[in-house]
Amino acid sequence: MENKQQFVQCHSISEALGISQERRSANYKPNIWKYDFLQSLSTTFDEEKFKTEADYLKEEAKHFFVETVDLQAKLQLIDCIIKVGLASFFEDEIKNALDAIASSLKNNKFDVKENLYVTALRFRLLRQHGYLVSQDIFSDFLNESGNFLRGTCSDNNGVLEVYEASYVGLEGENIMEDAKVFSTTILKNIKPSDTNLYKHVIHALEVPSHRRVLWFDVKWQINMFELEDNNVNKIILELARINFNLSQATLQKDLKDISRWWRNLGLIENLKFSRDRLVESFLCTVGLVFEPKYSSFRRWLTKVIIMVLIIDDVYDIYGSLEELQHFTKAINGGDIKEIEKLPECMKLCFDALQSITHETAYEMQTEMGWDQTQTQTHLKQVWADFCEALFVEAKWYNKGHTPSLQEYMNNACISSSGSILSVHSFFAIMNQESTHDMLHYLKTNQDLFHNISVVIRLCNDLGTSVAEQERGDAASSIVCNMREKNISEEESRNHIKKMIENSWKKLNGKFFVQSPNYELQLFVNVNINMARVAHNLYQNRDGFGVQDRQNKKQLFSLLVDPLKL
């Protein structure tokens, strides 16, 4: 890797040639996360001591699966363990319990016809773990017209769980659609008299649990379980607190390592037009997979995300159409003649991307067993496809062309960067022994990656469209739809939200993957987490462009502030 002293300022070459070129600006604010602060992150507790205690608590908690016989209690135990971030410790116990529950459901045991809460919780947990449960499980709560009986409104906890369950619905499931409308209407009218229930309702209406990034929600869930003081076992909550702090300690070390790499690279100092968002990029990778053992995955994907942002800004803000054409050709083939035609800062971007791709492929060979040449070829191809898609958008912008929504989406599914993240995550998770299973899955599940890209792109557009219109960027899906159909912005936004809903229904079908191949299951989960991270990033804001109070608060909570033990 070149030392940062070797980099020169972007404008130096144009000054030397006597050329003046006016560049656009997105007016991104300077990065608020200083290097010295990141390097100061550290824990104040004895990690080895708490690892020993966590191991003891894990063994104690396993007894609860045997001791808990009641269906509702067992479902609540599983739900709690997942929500407080402990599922990876009890994978076998959870699977065995859900196998038994699914089997009992088929044999009509555990009759819970009058219990809306248990019915909905069982439905959601089974579906989220790959069991194909019919929506007809709710038939006892429907009237002759197939709509939910209004008499069930009195069970607020049941209605809340129906709402959560409705978000694991599939295409064409009318009962689940009615469940969503029915439960949403009731929940919006719940008064804040029942404080804890009301907090859960507000939390769910903001983002349902199925679309939340699990690790981003762990602290809130632990605090709520403690406040409610119900029958949640104290051992589980103590284990959850320790696990959060131990995981946070690993994440701090990861962040310190990647921030040293970023500083030594010295790239961003020479790209004043671009976003310097290393910490936010790192947090995205935590949302994909948070367990301590995946430090290498987070390192590789953080580098990918930060380069996605920079190259996106090169195309959206900095480069002229002629320069972008040279850059795109250079990425496609590495032609030295094309590279020589670039302004200096675009050469730096090109060199940094080539270097990062080479290093990543080498490390994947060392740690995952992949052939470096083969891996590098695949990684370079997805970057080339990404840049081609960005160049299409640049041509639209320069020609003043507003594409139809379909034309926009055909290209946006590549420019969303979803395919870059998926391919990198493939080589970061899978090993060569799993290649056969993986190739079969990829051939039969192309729509998984398509719909993830749709969610990423459209969530991004919903969060950034206003700012992009103000600075005159290329048309987003919202604008394309407005102009094509001659409708208002509100109508267009509602249509885009429906598109996201439809993509999620298709993604939900991908949960019905129960493979003995652990890496394959992890790969699917990581990819679906990409869609969840997009919801978090662009929920009423631009999670990359603006480092506001909300973003800062979340980052402090997850990466800086431990839980009290």
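This one's a predicted model, so the numbers in the text were calculated from it and none came from an experiment. (Residues numbered from 1 in each chain as written. Predicted model: local features only at pLDDT ≥ 70, side-chain atom pairs only at ≥ 80, totals over all residues. Heavy atoms only, no water.)

Peer 1: Mind showing me how you'd approach the overall build of the protein here?
Peer 2: Counting secondary structure elements, the protein contains 25 helices and 0 strands. Its C-alpha radius of gyration of 25 Å places the protein within 12% of the 24 Å reference for a compact globule of 565 residues. On the principal axes, the C-alpha backbone points of the protein span a range of 80 × 60 × 50 Å. A burial count over the protein gives 56% of its 565 residues as buried. Once local pairs closer than 6 in sequence are excluded, the contacts in the protein between residues at least 24 apart make up 76%. Separation of charge centres in the protein, based on 63 positive and 77 negative side chains, amounts to 2 Å. (Helix = DSSP H or I, 4+ residues; strand = E, 2+ residues; numbered from the N terminus. Rg over C-alpha atoms; globule rule 2.2 N^0.38 Å. Buried < 20%, exposed > 50% of the residue type's maximum accessible area, 1.4 Å probe, protein only. Contact = heavy atoms within 4.5 Å. Lys, Arg positive; Asp, Glu negative; His and termini not counted. Charge placed at Lys NZ, Arg CZ, Asp CG, Glu CD.)

Peer 1: Help me understand the pattern of salt bridges in this model?
Peer 2: Oppositely charged side chains can pair when the atoms bearing their charge come close. Going through the model one piece at a time under the given rule, you end up with 26 salt bridges. Linking E206 and R212 is a salt bridge whose minimum nitrogen-to-oxygen distance equals 3.1 Å. Between R299 and E367 there is a salt bridge; the shortest N-O distance is 3.1 Å. A residue pair is termed long-range when its members are at least 10 positions apart, and R299 in helix α13 (residues 295–318) and E367 in helix α16 (residues 344–368) qualify at 68 residues. Three or more residues joined by partner-sharing salt bridges are found here, namely D79, K83, R124 and E161. (Salt bridge = Lys/Arg side-chain N within 4 Å of Asp/Glu carboxyl O.)

Peer 1: Whenever I open this one, unusual backbone geometry confuses me. Can you help?
Peer 2: The phi angle of most residues is negative, glycine excepted, and most peptide bonds adopt the trans form. Positive phi is not limited to glycine here, since S417 has a value of about 80°. By the secondary structure assignment, S417 is in the loop between α18 (405–415) and α19 (418–429). In this structure S417 comes out as buried when scored by relative accessible area, which is 8%. One non-glycine residue with positive phi stands out, namely N486, at about 55°. Looking at the element boundaries, N486 is found in the loop between α22 (477–485) and α23 (489–508). By relative accessible area, N486 is classed as exposed at 73%.

Peer 1: Help me out: how do you make sense of the nonpolar core in this one?
Peer 2: Generally speaking, a soluble globular protein has its nonpolar side chains buried in company with each other. Core analysis: the biggest nonpolar cluster contains 186 residues, and F138, F148, M307, I311, F327 and L559 have the highest contact counts within it. Considering every element that reaches this core, the biggest residue donor is α13, with 15 residues. Beyond its immediate sequence surroundings of up to four residues, I311 is in contact with F327, L353, W383, F386, C387 and L390. (Core = buried A, V, L, I, M, F, W, Y, C linked by side-chain atoms within 4.5 Å.)

Peer 1: I keep staring at α18 and nothing clicks. Help me out?
Peer 2: An α-helical segment advances 3.6 residues per turn. Residues three or four places apart therefore align on the same side. Three or more residues of α18 are buried, namely L405, Y408, M409, N411, A412, C413 and S415. Remark: S417 follows α18 within two positions and exhibits a positive phi of approximately 80°.

Peer 1: Please clarify how the packing of helix α11 (residues 234–265) against helix α12 (residues 278–288) should be interpreted in this entry.
Peer 2: Two quantities define a packed helix pair, namely the angle between the axes and the distance from one axis to the other. Relative to each other, α11 and α12 sit at 140°, their axes nearing to 11 Å. On the basis of their axis angle, the class for α11 and α12 is oblique. As α11 packs across α12, the resulting crossing turns out to be right-handed. On α12, the residues touching L251, D254, L255, I258, S259 and W262 of α11 are L278, V279, F282 and V286. (Axes fitted to C-alpha atoms, helices over the stretch in contact; angles between N-to-C directions. Parallel < 35°, antiparallel > 145°, perpendicular 65-115°, else oblique. Left-handed = near helix turned anticlockwise from the far one by under 90°.)

Peer 1: Which parts of the structure should I look at to understand the packing of aromatic side chains?
Peer 2: Each aromatic ring pair is described using two quantities: the centre-to-centre distance and the angle formed by the ring planes. Tallied over the entire structure, the rule returns 21 aromatic pairs. Aromatic side chains W370 and F426 sit 5.4 Å apart centroid to centroid with 45° between the ring planes, which places their arrangement in the tilted category. Here the residue W370 occupies a position in the loop between α16 and α17 (372–399), and F426 occupies one in helix α19, the gap between them amounting to 56 residues. Through successive ring pairs, a cluster of aromatic residues spans W370, F426, F427, F449 and F523. K49 extends its terminal NZ or CZ atom over the ring of F50, reaching a point 5.6 Å from the ring centre. Positioned over the ring face of F89 is K58, at 4.2 Å from the centre of the ring. (Phe/Tyr/Trp six-rings, centres within 6.5 Å; stacked < 30°, edge-to-face > 60°. Lys NZ or Arg CZ within 6 Å of the ring centre and 35° of its normal.)

Peer 1: Explanation requested: the state of the cysteines in the structure shown.
Peer 2: Cysteine pairs can be covalently joined through their sulfur atoms, and such a bond is termed a disulfide. Evaluation of the coordinates by the stated rule reveals 0 disulfides. Free cysteine C349: the closest other cysteine sulfur is in C345, separated by 6.1 Å. C349 supplies the cysteine sulfur nearest to C387, a cysteine that is in no disulfide, at a spacing of 10.0 Å. (Disulfide = S-S within 2.5 Å.)

Peer 1: Quick question: what am I supposed to make of the environment of L462 here?
Peer 2: Its place among the elements puts L462 in helix α21 (residues 446–470). Taking the C-alpha atoms as reference points, L462 and R23, separated by 439 residues in sequence, lie 26 Å from one another. When near neighbours in sequence (up to four residues on either side) are disregarded, L462 contacts I478, R493, I496, K497 and I500.

Peer 1: Help me out: how do you make sense of α22 in this one?
Peer 2: Looking only at α22, the buried set comprises S477, I478, V479, C480 and N481. Directly beyond the C-terminal end of α22, a positive phi value near 55° is found at N486.

Peer 1: Would you mind going over the confidence of the model for the protein with me for this structure?
Peer 2: Low-confidence regions, as indicated by low pLDDT, have predicted coordinates that should not be scrutinised in detail. Of the residues in the protein, 91% have a pLDDT of 70 or more, and the chain-wide mean is 88. Counting contacts from residues 1–20, a segment whose pLDDT is below 50, to residues more than four positions away or on other chains yields 31 contacts. (pLDDT = per-residue confidence, 0-100.)

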